Amino acid sequence: MKRCLQWSARLYPAAWRARYGREFEALLDDLRPSWRDLWDILYGAFVMQLSTPAAYLKLGAMTAVLGAILATGWGFMLPRRYVSTAVMRIGPQTGPFALRRLASIQQEVLSRASLSEMIQRPDLNLYSEERKGHPLEDIVQGMRSRDIRIQGVQAVAARDGMVFRIEFASSDPAKAQAVARALAGKFTASPGLEVLDPANLPTKSVSPNPLRICIFGLIAGFALGLLLAYLRRQPLRWTLWILGSAVSGLAVGSAVAFPIGALTGFDPLLPACLTSVASVSIGAFILRDRTAWARAPYFRYALACGALLAVVSGFASYGITDRYVSTAVLQAVPPDRARLDQLQQEVLSRSSLAALIQHPRLDLYRRQRQSEPIEDIVQTMRNRDIRIRSVGGDLPAFTVQFLYPDRFKSQAVVRELVARFIQTNLSRPGSFVLEVLDPASLPAAPVFPNRLTITALGLAAGILLGFLIACFRPRPPNPGARPLVPDPSAA
Amino acid sequence: MSDPSILVLASLVEGDKHGYAIMVDIEQFAGLRLGPGTLYGAITRLEQRGWIEPVASSDDRRQPYSLTAAGRRHLEAEMLTLERIVRTAARRLKHA
């Protein structure tokens, strides 16, 4: 035990040991050692380490390591997701013909009836837990939009028919492979489709990323350590005030973010944490403002207003509907601008777009159609949601894009527009060749709203507002206010 | 009353003492055993504030400390405050 105490004494800072080391060892020699003494020395060494000028770094490093360990542990508890991939080819047609055929087969394979059958198949038994609490319609929708991905393989598509990839993500690698295989089987039921590369058994998970989680824990732990080191040198009320601000901010943020998250499907953790950070900023601002009322308040006002508006605008952005954009690239050979403009006018004519909107398979703008005339909706679709732009200056290639809240419908509309371009071109005398360089993409992420930009704009506006408030705010000395932390110089 | 700094100052009023002697003395007059880490934490703080100072000794390992004039004044101020608290509490207890 005595040796244990002597070893623990080495944990004191070197400068302290140089001054008190010998007499401390003499004291330990005189003592009848106990476990209580060991704990007392360890605690004393910890406190003394935090009293050195490098306490910020020491505490920051300690909490960073602790944060990294905790975050890594948490990362291991998260469910893993494995993706199995099968590669297929549709032939013998190429270009838009293959695309239209693939779209038609894909629609059938991903239909509600087809996916419901697959989910309820006893050998697959998919989403068994979710099926207990959610309607099958929601599970089919989730499977279609979140777990299944069908993408074209561009490099091969140009010369060897149309090659595409089917992916299915699941927490069970064997199940991911079985479903990808079953999906490929559904595709091969149609003539002209073959499997080039059967569904693989994934060995590595695609998420969560343990390195990213560990780095996140490291940074968060380091920031917390710096905050604790700073608060340690302040009165206890400061610590309690800041902790109270953080907890209340987290509580308020969670109370707002989690119900909205449950309704809209976004991850509520980030907004809740942001609210907590903003709350800490506001708490620090109030604390500083009470103790040093007469000092220039520009920075504190700007920080508090910026943090507040960033959180509010970040939350508000979740009220805006996500919009996806699908893009196709076409090429006219030889390039003929006048003819292309004529084609575009015909494809985007009122009758053409009205037919597209009311197509039973697409059923676009359903809600708007209940309250607005079809002319207005056609106008909106043409001016706002459809974009046809040339690629580069003199190149004969141009892109066709459609912006819509449903990514599948966005892709379907672009496919339909491309097909109409080709059909209209072929039906006119003296037509040129319209070639599809890049078929309609299936957008993976929404392009609008950009929540980071909205939050950053909120932050910038808040900083500006804070400066304005600080400039125009009356600044009396406020002698009647009782300071939260008594001013030591007044005593 | 269990503030280690006050206990160390109170112990040194009687005369110069090294760490172990201070610990034994406090245990005797206050019935409280300070751990080695707590004792030397208090000694470090008191020396930094100039309330105690090391004195020369024949034993190069056991370093005795003595109370400075500033330390004595601080202890007296603390004792006055404590005395006032004790008197008030006793009076209120009598009338309660």
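1. Comments concerning the environment of V8(B)
Residues and elements named next belong to chain B. Considering the arrangement of structural elements, one finds V8 in helix α1 (residues 4-13). For the pair V8 and I52, spaced 44 residues apart in the sequence, the C-alpha separation amounts to 9.4 Å. Discounting chain neighbours no more than four positions away, the residues touching V8 are I22, I26, L34, L39, A42 and L46.

2. Points about the packing of helix α1 (residues 2-9) of chain A against helix α2 (residues 14-30) of chain A
Residue and element names in this part refer to chain A. Between α1 and α2, the shortest axis-to-axis distance is 11 Å and the interhelical angle comes to 170°. Between α1 and α2, the interaxial angle falls into the category roughly antiparallel. Packed against α1, whose contacting residues are K2, L5, Q6 and A9, the element α2 presents R17, F24, L28 and D29 at the interface.

3. Some thoughts on the confidence of the model for chain A
All names here are of chain A. Looking at chain A, the pLDDT average stands at 81 and 88% of residues meet or exceed 70. Here helix α9 (residues 154-157) stands out as the element of chain A with the lowest mean pLDDT, 49, in contrast to helix α10 (residues 173-188), whose mean of 91 is the highest. Across residues 478-486, confidence stays below pLDDT 50; counting only partners more than four residues off in sequence or on other chains, it has 11 contacts.

4. As for the side chain of S116(A)
Residues and elements named next belong to chain A. For S116, the location among the structural elements is in helix α6 (residues 112-120). Residue classification places S116 among the buried residues on the basis of a relative accessible area of 6%. Sequence-distant contacts of S116, defined by excluding residues within four places in its chain, comprise L136 and V140.

5. A word on the side chain of K17(B)
Residue and element names in this part refer to chain B. With respect to the helices, strands and loops of the structure, K17 is situated in the loop between α1 and α2 (19-30). Within the structure, K17 has its side chain in polar contact with the side chain of E14 (distance 3.0 Å). Once residues lying within four places of it in the same chain are set aside, the contact partners of K17 are S11, L12, I22, D25, Q63, P64 and Y65.

6. Details of the sheet that holds strand β8 (residues 433-438) of chain A
Residues and elements named next belong to chain A. On the basis of which strands lie adjacent, the open sheet formed by four strands has the order β6-β7-β5-β8 and antiparallel pairing. Edge strands, defined here as strands with exactly one partner in the open sheet, are β6 (386-390) and β8. Sheet twist, expressed as the mean angle between neighbouring strand axes with direction ignored, is 25°. In terms of strand pairing, β6 meets strand β7 (residues 397-404) through five bridges, oriented antiparallel. Following the sheet pairing, R387 is matched in β7 by Q401. Taken strand by strand, helix α19 (residues 407-427) contacts β5 (324-333), β6, β7 and β8, and its axis lies near 20° from that of β5.

Criteria and thresholds
Residues numbered from 1 in each chain as written. Chains lettered and ligands numbered in written order. Predicted model: local features only at pLDDT ≥ 70, side-chain atom pairs only at ≥ 80, totals over all residues. Heavy atoms only, no water. Helix = DSSP H or I, 4+ residues; strand = E, 2+ residues; numbered from the N terminus. Contact = heavy atoms within 4.5 Å. Axes fitted to C-alpha atoms, helices over the stretch in contact; angles between N-to-C directions. Parallel < 35°, antiparallel > 145°, perpendicular 65-115°, else oblique. pLDDT = per-residue confidence, 0-100. Buried < 20%, exposed > 50% of the residue type's maximum accessible area, 1.4 Å probe, protein only. Polar contact = N/O pair within 3.5 Å; in protein donor to acceptor, adjacent residues only side chain to side chain. Pairing = 2+ DSSP bridges.

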